[in-house]
Each structure stands twice: as C-alpha cells, then as structure tokens.
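Below, each chain spelled out in residue letters.
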Amino acid sequence: MTQTASAYPTFMERLTGRRAPVRTSRDVVVLHGVTKRYPNGRVALRDVDLVVPEGDFVFLVGPSGAGKSTLMRLLIRDELASKGHVVVDGNDLGRLRRRDVPRIRRKIGVVFQDFKLLPRKTVRENVGFALEVTGTKRALVGPAVDRVLALVGLTAQADQLPTQLSGGEQQRTAIARALVHDPRLIIADEPTGNLDPVISWELIQLLLRINELGVTILMATHDAEVVTSLRKRVVALEDGRVIRDETGATYHQAD
Amino acid sequence: MFAFIGFSLRRAWQGFWRNALMSLAATLTMVLMLLLLAGFFVLQNVLVASLSFVEQKVEVVAYVQNTATADQVDALVKHIGAMPEVASVTFVSREEALAKFRAMQTAQGRGDVTATLDTNPLYASLNVKLRSPGDLDTVTNALDGSPIVRNVLNIQALVERVTTVTTVIRNAGAVILGIVGLIVLFIVVNTIRLAVLARAEEIEIMRLVGASDAFIRWPFIFEGGLVGLLGALIAIGILAAAAQPASAAMAGFFNVLPLELGPVGRDTAALVLGTGLGLGVAGSWLSVRTYLIR
C-alpha cells in the first residue's frame, strides 16, 4: 500500500511541483466490445469500444438513457459487463476478485450530480471519511484532508456542515473527497447539473486544473456551452452505441 | 488489526449517537422484547417447578404384614431404597400410623374414635417417593414381589392422569416460550434492519470510495452488539429491581413450592444477555449483508 518511491509521482507530488507529471502511454480506461444487458432485458450498452489514455479529459455526451450512467457504473464495477472487457488502470474488472474491488475503486474518484455528502458530517469529516474507511492511519488523515481542501479552496469552510454550504461549495467538497485518494481517474456524472452557469464554470476550471496535474477525467454532461468552448475530446453515446468520438470537438445539436 | 478494531468501535459509537433516536428506539425495542422473553422464561421455570412438585407428591404406599420382623423390614427398606427409580423410602410403624391418624382427626375437630378400640387396627407401611411417576410400575412390582408386603395401594389411574396433565402443560409451556422467542427474533432483527437502512447512503459512499467489506461490516456489527448489550443490561436492571418484590409475593403465594430463585435468576440473566448480544450482532450482520452482496 505504501508507495514511497514509486516510479509514478503521486498527485500531491505533482501538485507541489516536487515531481513533474509524466505523460505515459498508459491507457487508464479501455472498453473493448462492451455490451451491458440488465436482468430486465434492457440493453444499455451495445458493443462499445473506448480507449482513454492517461491525462485525457473526455466529455461523455448523449441524451438521457443513452448509456452514460451505465458506462460509469461499469468503470467503478458497480455492474459487470455482460459481454466484452472493461479494463481500468490495467485491471480487467471482469476477472477481478471480489476482495480486490475496493483497491480499484480507490484509484477512481467519483463525483455525482447530487453530491452524495453525509449531512451530519462537516466538510472536513466528509473528505476524511474516504480515508478513514479505507484504513488510513489517523495521523495521516488530517494533513491529507487539509491539502485537498486547500486545492479546492474550501479551507475556510472546513468545519461547516453541507447544509450550510452553497451548491458549488458542496460539489467542491465532493471533488475534494474524490481527490483525497490520489486517484488516476475522476468520473464525474453531470457534476454541474444542479449548479448555475457561473458556479458551473468555476467547477469546470477546478476540474481542468486537476486534469493539468495529470489526473484523467471522464465527465458526463448536458452542458453544450462548456463542451463547445473547451474543445476537448467528446464521446457521444446514443441508444447504447458510441456514435461519435472526436478530439477538439463541439457539442452537436443532435447530441 | 488494533487500528481496525479501534476504528470499528469508534465508528460504532459515533453511529449509535449520530442516529440517537433510531438507536434508542432499537434499544428500547430490544429491552421490551427481552423483558417479554425473560417473563415467559421465568413463568416456564415456575411452571416446571410446580409440575415436578406435583409429580413428587406421587407416593407408593405398601402395607406391611403384621408378622414381618424388624430385620425383614430393614432389608426391604434397603432393597427398595437402593433402586435408581426411588427418591426416598420412609417406614411408618403401626404406632406412628395410629399417632398420625389421631393427629389428623384432632386437627379436623373430631373426637378420637380409636379410643374405643382395644388393638391398633392399622398396618405399618413403606412410603416410597418416586423420582418420576413413570417408574410407578417398576417400583410397584418390586414391592409386590416381597413376601412381607401385604398389598400395594393401587394409584395407577391417578398417576396416569397427573402425568398426562403435566406433560401437556410442560410441552405447551416450551412451545409458547419458543413462539415468544421467534417473535422477539423477528421484531429485533427488523428494528436493526431499519436502523441500517437509515444509513444506506453512508454504506453506498463507503463502497464508492473503496472501503473493503470488513470496514463496512464491522462497525455495524459492533453497533448492533452495543444495542444488544445496552438493551440486555437495562432489561437485567429492570428484572433485578422487580425480582425482590416479585419473589416475596411468589414465596407467599407458592410457599409450598421448593422453588429456588437463585439459579432461575442467574439463568434468566444469562438468557437475556446472550439473546440481546446475539440478536444485535446477528441482526446487523444480516442487514449489512444485503448491501455487500454485489
């Protein structure tokens, strides 16, 4: 678990500039011929191929029910693919033993539209929770939490409860929680869905900054303005199929 | 490992108090259910004690020939007393029998009819107490086989009736205790399930951030154990407070019963503690399992 002198610089090392982000040719996410059929017979994904190299920023667009959420649930192994392979950071999730699943999930930070914060815990406790429940030594939790809170700009609000925060601050708390494990990949499921445009932009800026530090980001969104102006890679899903995968793309009206 | 246990205990304690209302409701349910169970358990014990008291009243009386010598009587007393089915043998001589008869007449306020008799008309007897009324035949036959026994009082029909009644009551008591136990099990497990359900969101987040199953499961199990332990201790406290006046009342009511409350109290406490802890732990284990299966 301890990766003191790992060849791979940790998120904090990259953040503090002690070690430069390395652009490897590794692929963080590989989907190969993935089909997902739910027990009720509905087919959410059909023969999807997707490769996301390390450090990429990918928008996942498409109408509701196109399979965006299913794809994300496959990546955190909340569901298993019915056919094909889902590989995250070199691990084939279909072949992963059950007890190794938590280890993979710690490499992935997840951010949801509805934040999923615990209402009775403060900002600091919500973020620290992710470390505590994965067996981090208590002495290490505090400093790590303080660092990510500083990164997302919530140091002043650390002792407030989620109900005392604005929507943007709540979402930044969720991002801090996703970051605290030093993940390879951040999956954001419509993170700006509940926020007004100005706050949305601030949040996108934060995600871009995190991406610049080398964290791969996969973000599902309906926000055409954001997608169009950033000119990042766009993967469009429709009816469970990838219908478009372009780099430097815009949000098409058809999406 | 210690860090893990420390973490789980700390989280269990936090979980208990952060959801204080739910936890106290679960504990209260536990207390009431344990009191119900303990009440039925004590009743069952009193019942069983009463029944064995009634059964011990079964006494085989064998009248001895007037011609029997003291040696012959001693030998018979020894022989019968040595049988494994026999609890005790007392020899009642003719004089004692007469004295008893007179005492009984006086107690009932009647005149002494025996004063008009020249000789003592009563026979000496062996009064044999049985360990179990089921052994009546064996003991009767053994007594009948002796040459100095004049006759054995036939109490077959009476004993059969007593045995039937006590068996039915004893089984009914066990069945009722079993049913009450099941009801307690369902209600307590359901209550704990609700308490865990209220924290579904927390469990989901733990799964998402990569907590291993053990880290999710054990805090809940400790919390369930805490509810069980607390419930059991409160229930035992209430029972202990109620025991003194209750046993005083019962001793007055059942003063004929050789009921020893010491062991019953100990058994009840053990039952309450064991059931409380067991149900708390098992209930939360089952409830959390639902979330960990995926």
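This text follows the structure it describes.
Reading the values: the criteria
Residues numbered from 1 in each chain as written. Chains lettered and ligands numbered in written order. Predicted model: local features only at pLDDT ≥ 70, side-chain atom pairs only at ≥ 80, totals over all residues. Heavy atoms only, no water. Contact = heavy atoms within 4.5 Å. Buried area = accessible area lost by both parts, 1.4 Å probe. Salt bridge = Lys/Arg side-chain N within 4 Å of Asp/Glu carboxyl O. Polar contact = N/O pair within 3.5 Å; in protein donor to acceptor, adjacent residues only side chain to side chain. Helix = DSSP H or I, 4+ residues; strand = E, 2+ residues; numbered from the N terminus. Nonpolar A, V, L, I, M, F, W, Y, C, P; charged D, E, K, R; others polar. Core = buried A, V, L, I, M, F, W, Y, C linked by side-chain atoms within 4.5 Å. Buried < 20%, exposed > 50% of the residue type's maximum accessible area, 1.4 Å probe, protein only. Lys, Arg positive; Asp, Glu negative; His and termini not counted. Patch = residues over 30% accessible without salt bridge, like charges linked within 9 Å, V, L, I, M, F, W, Y side chains within 5 Å. Areas by Shrake-Rupley, 256 points an atom, 1.4 Å probe, with all protein chains shown as cover. Phe/Tyr/Trp six-rings, centres within 6.5 Å; stacked < 30°, edge-to-face > 60°. Lys NZ or Arg CZ within 6 Å of the ring centre and 35° of its normal. Pairing = 2+ DSSP bridges. Arc of directions from axis to C-beta. Axes fitted to C-alpha atoms, helices over the stretch in contact; angles between N-to-C directions.

A. Summary view of the interface of chain A and chain B. Of the residues lining the interface, 25 residues belong to chain A; the matching set on chain B comes to 22 residues. Here chain A packs against chain B, burying approximately 2100 Å² in sum over the two surfaces, 52% of which is carbon and sulfur. There are three salt bridges connecting chain A and chain B. Note that Arg98(A) is salt-bridged to Asp213(B), the shortest N-O span being 2.1 Å. Scanning the region where chain A abuts chain B turns up five residue pairs in polar contact (both at pLDDT 80 or more). For the side of chain A that touches chain B, the secondary-structure elements that each account for two or more residues are α3 (101–105), β6 (108–112) and α4 (123–132) of chain A. Looking at the side of chain A that touches chain B residue by residue, the class counts come to ten nonpolar, three polar and twelve charged.

B. Fine view of the nonpolar core. Grouped together as the largest cluster of nonpolar side chains are 78 residues, with contacts concentrated most on Phe59(A), Leu149(A), Ile175(A) and Ile210(A). Counting residues in each nonpolar core, the second largest holds 32 residues, with Val28(A), Val58(A), Phe112(A) and Val235(A) among its members.

C. Spotlight on α4(A). Counting buried positions over the ten residues of α4(A) gives seven, a clear majority of the element. For α4(A), the complete set of buried residues consists of Val123(A), Asn126(A), Val127(A), Gly128(A), Phe129(A), Ala130(A) and Leu131(A). Buried residues in α4(A) make contact with α5 (138–152) and α6 (167–179) of chain A together with α1 (2–18) and α7 (200–208) of chain B.

D. Focus on unusual backbone geometry. All names here are of chain A. Within the chain, Asp 47 stands out as a residue other than glycine whose phi angle is a positive 50 degrees. Among the secondary structure elements, Asp 47 is positioned in strand β2 (residues 43–53). The exposure class of Asp 47 is exposed, given its relative accessible area of 52%. In the Ramachandran plot, Lys 116 falls in the positive-phi region, its phi being about 55 degrees despite a non-glycine side chain. Position of Lys 116 among the secondary structure elements: in the loop between β6 and α4.

E. Local environment of the side chain of Glu169(A). All names here are of chain A. Considering the arrangement of structural elements, one finds Glu 169 in helix α6. Despite being buried, Glu 169 has no salt bridge partner; Arg 172 is the closest side chain of opposite charge, sitting 4.5 Å away. A distance of 2.9 Å separates the side chain of Glu 169 from the backbone nitrogen of Ser 166, its partner in a polar contact. Not counting residues within four places of it along the chain, the set of residues in contact with Glu 169 comprises Leu 154 and Gln 157.

F. Representation of a nonpolar patch on the surface within the structure. Residue and element names in this part refer to chain B. Together, Leu 229, Leu 233, Leu 273, Leu 277 and Val 281 make up an exposed nonpolar region whose accessible area comes to about 350 Å². Elements with a contribution of two residues or more to the nonpolar patch: α8 (213–253) and α9 (261–292). For the nonpolar patch, the element with the highest residue contribution is α9, accounting for three residues. Within the fold, Val 281 resides in helix α9. Val 281 gets classed as partly exposed once you look at its relative accessible area, which sits at 31%.

G. Representation of the packing of aromatic side chains. Residues and elements named next belong to chain B. Enumeration over the complete set of coordinates arrives at seven aromatic pairs over all chains. Seen in terms of ring centroids, Phe 16 and Trp 17 are 5.0 Å apart; in terms of plane orientation they differ by 80 degrees. Their pairing is edge-to-face. Residues Trp 218 and Phe 222 carry aromatic rings whose centres are separated by 5.8 Å and whose planes lie at 50 degrees to one another, so their mutual orientation is tilted. A residue pair is termed a helical-turn pair when its members lie 3 or 4 positions apart in one helix, as Trp 218 and Phe 222 do in helix α8 at four residues. Trp 218 gets classed as partly exposed once you look at its relative accessible area, which sits at 32%. The exposure class assigned to Phe 222 is partly exposed, which follows from its relative accessible area of 27%. Ring pairs connect the aromatic residues Phe 4, Phe 7 and Phe 215, which therefore count as one cluster. Here Arg 217 stacks its cationic end above the ring of Trp 285, 4.6 Å away from the centre of that ring.

H. Up close: the pattern of salt bridges. This model, assessed by the stated rule, comprises 22 salt bridges over all chains. In this structure, Arg95(A) engages Asp92(A) in a salt bridge whose closest nitrogen and oxygen atoms are separated by 3.9 Å. Overall, Arg95(A) belongs to the exposed group, its relative accessible area being 69%. Residue Asp92(A) is classed as buried on the basis of its relative accessible area, which comes to 19%. The closest approach of N and O atoms between Glu202(B) and Arg199(B), which form a salt bridge, is 3.2 Å. For the residue pair Glu202(B) and Arg199(B), the accessibility class agrees, reading buried in each case. Through salt bridges that share partners, Arg26(A), Glu54(A), Asp89(A), Lys107(A) and Arg184(A) make up one connected network.

I. Structural view of the sheet that holds strand β5 (residues 91–92) of chain A. Read across the sheet, four strands follow the order β2-β1-β4-β5 (chain A) without closing on themselves; strand pairing throughout is antiparallel. Of all the strands in the sheet, just β2 and β5 of chain A have a single pairing partner and so form its edges.

J. Here's a closer look at helix α5 (residues 136–144) of chain B. Residues and elements named next belong to chain B. Here α5 has its buried residues at Leu 136, Val 139, Thr 140 and Leu 143. Burial along α5 is one-sided: seen end-on, the buried residues are contained in an arc of 100 degrees. Next to the buried residues of α5 lie β1 (59–64), α3 (70–81), β2 (86–92), β3 (124–130), β4 (149–152) and α6 (156–197).

K. Geometry of the sheet that holds β1(B). All names here are of chain B. The four strands are arranged β2-β3-β1-β4 in an open sheet whose pairing can be described as antiparallel. Of all strands in the sheet, those with a lone pairing partner are β2 and β4, marking the two edges. Neighbouring strand axes in the sheet, compared pairwise and without regard to direction, differ in orientation by 25 degrees on average. Inspection of the sheet shows β2 paired to β3 by six bridges, in the antiparallel sense. From the neighbouring strand, Thr 90 faces β3, where its bridge partner is Asn 127. Contacting β2 and β3, helix α4 (residues 94–107) crosses the sheet at an angle of about 90 degrees to β2.

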